[in-house]
Amino acid sequence: MENTKDLTEHSSRSERKRRDSFGMFDGYDSCSEDTSSSSSSEESEEEVAPLPSNLPIIKNNGQVYTYPDGKSGMATCEMCGMVGVRDAFYSKTKRFCSVSCSRSYSSNSKKASILARLQGKPPTKKAKVLQKQPLVAKLAAYAQYQATLQNQAKTKSVAVSMEGFSWGNYINSNSFIAAPVTCFKHAPMGTCWGDISENVRVEVPNTDCSLPTKVFWIAGIVKLAGYNALLRYEGFENDSGLDFWCNICGSDIHPVGWCAASGKPLVPPRTIQHKYTNWKAFLVKRLTGAKTLPPDFSQKVSESMQYPFKPCMRVEVVDKRHLCRTRVAVVESVIGGRLRLVYEESEDRTDDFWCHMHSPLIHHIGWSRSIGHRFKRSDITKKQDGHFDTPPHLFAKVKEVDQSGEWFKEGMKLEAIDPLNLSTICVATIRKVLADGFLMIGIDGSEAADGSDWFCYHATSPSIFPVGFCEINMIELTPPRGYTKLPFKWFDYLRETGSIAAPVKLFNKDVPNHGFRVGMKLEAVDLMEPRLICVATVTRIIHRLLRIHFDGWEEEYDQWVDCESPDLYPVGWCQLTGYQLQPPASQSSRESQSGSSKQKKKAKSQQYKGHKKMTTLQLKEELMDGEDYNFLQGASDQESNGSANFYIKQEP
């Protein structure tokens, strides 16, 4: 019989060793482990009867707590008062959380016995009972701690529901779908997201636990929404009661095995502790063959959030008041690859402009002179201390084109996204052909005589289209202002103006497999107020062109944007980078703001859609005041998806 028993124990240890070969559970001690080698000092101690289940109740702040019973799932260390999973405690008796506590308890018990003898008192079991007093106190402290956490959680939840915005709640309550991270190549992890999908397992903090220290548990991805993932703790099966949203790129999300490598404890949630007696075996069974994050995931996240642009770098950027020219600006700050640029001559540093570092609106110093684009001379004759020119290789590259053969010519007609009203595609004319494939374009019926309101797109820009594009794709084309022969017909208009249409073959016809679908949620820059990033939805897809709707606002604020625009981001980007996200505007909030913020936006909209050209005309005399230089060759790269992160100041 003894040989059989030894063989059985040996087989059991071999099986446990085989399971441990995964290396995932080294930080989790199971009660199935062999504990026959516990210290002799501990075994010599008399057993203390476990606390009965009908113990007195401690009431703190209206919360009710009972002592752990020492058997069903939880245990309390009799030395330090640590409360934890019983299976993870030391020795057969599960009375101590570690070997050191067991030995300290034994040593203190002996010291108390010797002290009693020296004082002439008979040795009794009270030496051990003396350890119970701090235990009761600590249990009461834990009760107080837990009550405080619950009260804080209640307060926080109320605050969030009243003031904040939660992507998770927004998506769950409306069954929305978010655009996947792989749609955004310019965003962090956009090119190395990999196979992160539903059912991938991760190690996350266990919030369903009363322990004062941070512990972890395994969770699986139930749903993905951009960077955000809906997680469910392992062991809850189909119970969604404790599901929670988190940013998968956050610092508290780790691949399975991280706890073992870092010496962090894996503790099952309190709600399900009773479900299994051997959690280690459960995890082995559940996780064998499952997917987890790459071991270098956090490193990749960190690397993808390193940006080459730095404060004090000088660039040339479109003049937001005069679209036909550029100005020198200095990088003030960088957030998630977005640049806050301050125009160099702004003394109070409030005259700023926001854009992404890959925006086609910014260029290296000297770009305007090299290609002949208009440039506003700065009042500052020399660089300020600490400012330096941005290396040219950091800017977005445009596709090389061959202008030697058939090419765009001045006077050719086309359709173009109006950079001052991105919800419209307008009848437009090529006003000047510049070097390196750049074109100066004007909106028919709204142009200043001196060209001060022309804007620049590259020939490969996804924001210009051949004649007939809108009609073919059932998009409303905005006719020239004042044109009365409606409905607008291109054939009649070309004949009346004696113009020709730009050849279709010269336009960019590349349509990438972008992955966007109608109805997908994302975070998008309001290009008419480019410091704002808003909750948005894809409402139409025309080849590579996306119609972006800002949730809670009217359709007149929609914007046409290219699928590869650096002004579109996955759900969770603002949280990841620390940028402020603008939540959807509810009907009640819009009505309550009718005298303030909505009025401002309405006024701005009228400026863009109605008064924008008149404002430009009012400013045209100022434009040619000797500060503007028109070089012989030229243009400016505004190639991206209707990219126009600029506005014209409303004149009184």
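Check the entry above for the structure.
Residues numbered from 1 in each chain as written. Predicted model: local features only at pLDDT ≥ 70, side-chain atom pairs only at ≥ 80, totals over all residues. Heavy atoms only, no water.

> Would you explain helix H8 (residues 279-287) in this entry?
Helical geometry note: an α-helix holds 3.6 residues per turn, so side chains three or four residues apart project in the same direction. Listing the buried residues of H8 in full gives Trp 279, Lys 280, Phe 282, Leu 283, Val 284 and Leu 287. With a side-chain oxygen positioned 3.3 Å from the backbone nitrogen of Lys 280, the residue opening H8 is Asn 278. Looking at the residues trailing H8, positive phi occurs at Gly 289, about 85 degrees. (Buried < 20%, exposed > 50% of the residue type's maximum accessible area, 1.4 Å probe, protein only. Helix = DSSP H or I, 4+ residues; strand = E, 2+ residues; numbered from the N terminus. Polar contact = N/O pair within 3.5 Å; in protein donor to acceptor, adjacent residues only side chain to side chain.)

> Is there a simple way to think about the nonpolar core in this case?
Buried together is how nonpolar side chains tend to be arranged in soluble globular proteins. Residues Trp 193, Ile 248, Cys 249, Phe 297, Phe 408, Ile 425 and Ile 548 are the most contacted members of the largest nonpolar core, which totals 108 residues. Within the second largest apolar cluster, 18 residues are counted, among which are Tyr 307, Val 318, Phe 353 and Ile 362. (Core = buried A, V, L, I, M, F, W, Y, C linked by side-chain atoms within 4.5 Å.)

> Looking at this structure, I do not really get the packing of aromatic side chains. What am I missing?
One pair of aromatic rings is described through two measures. These are the centre distance and the angle between the planes. One pass over the structure, following the stated rule, counts 29 aromatic pairs. A ring pair is formed by Trp 367 and Phe 438, whose centres lie 5.6 Å apart and whose planes are at 90 degrees; its orientation type is edge-to-face. With Trp 367 in helix H10 (residues 367-371) and Phe 438 in strand E20 (residues 438-443), this pair connects stretches of sequence that are 71 residues apart. Like Phe 438, Trp 367 is buried. Feature note: the residues Phe 165, Trp 167, Tyr 170 and Phe 176 constitute an aromatic cluster, connected by ring pairs. In this arrangement the basic side chain of Arg 327 is found over the ring face of Tyr 343, its NZ or CZ atom lying 3.9 Å from the centre. In this structure, Lys 521 is placed above the aromatic ring of Phe 176, and the distance from its NZ or CZ to the ring centre is 4.0 Å. (Phe/Tyr/Trp six-rings, centres within 6.5 Å; stacked < 30°, edge-to-face > 60°. Lys NZ or Arg CZ within 6 Å of the ring centre and 35° of its normal.)

> What should I look at first to understand the pattern of salt bridges in this one?
Two side chains that carry opposite charge are able to pair once their charged atoms sit near each other. Under the defined criterion, the tally for this structure stands at 28 salt bridges. Among the ionic pairs, Glu 332 bridges to Arg 349, the shortest N-O distance being 2.7 Å. With a gap of 17 residues between them, Glu 332 in strand E12 (residues 322-335) and Arg 349 in the loop between strand E13 (338-343) and strand E14 (352-356) connect regions that are remote in the sequence. Between Arg 544 and Asp 562 there is a salt bridge, and its shortest N-O distance comes to 2.6 Å. One end of the pair, Arg 544, is in the loop between strand E25 (533-542) and strand E26 (545-550); the other, Asp 562, is in strand E27 (residues 559-562), with 18 residues separating them in the sequence. Through salt bridges with shared partners, a single ionic network connects Asp 319, Lys 320, Arg 321, Arg 325, Arg 327, Glu 345, Asp 351 and Lys 376. (Salt bridge = Lys/Arg side-chain N within 4 Å of Asp/Glu carboxyl O.)

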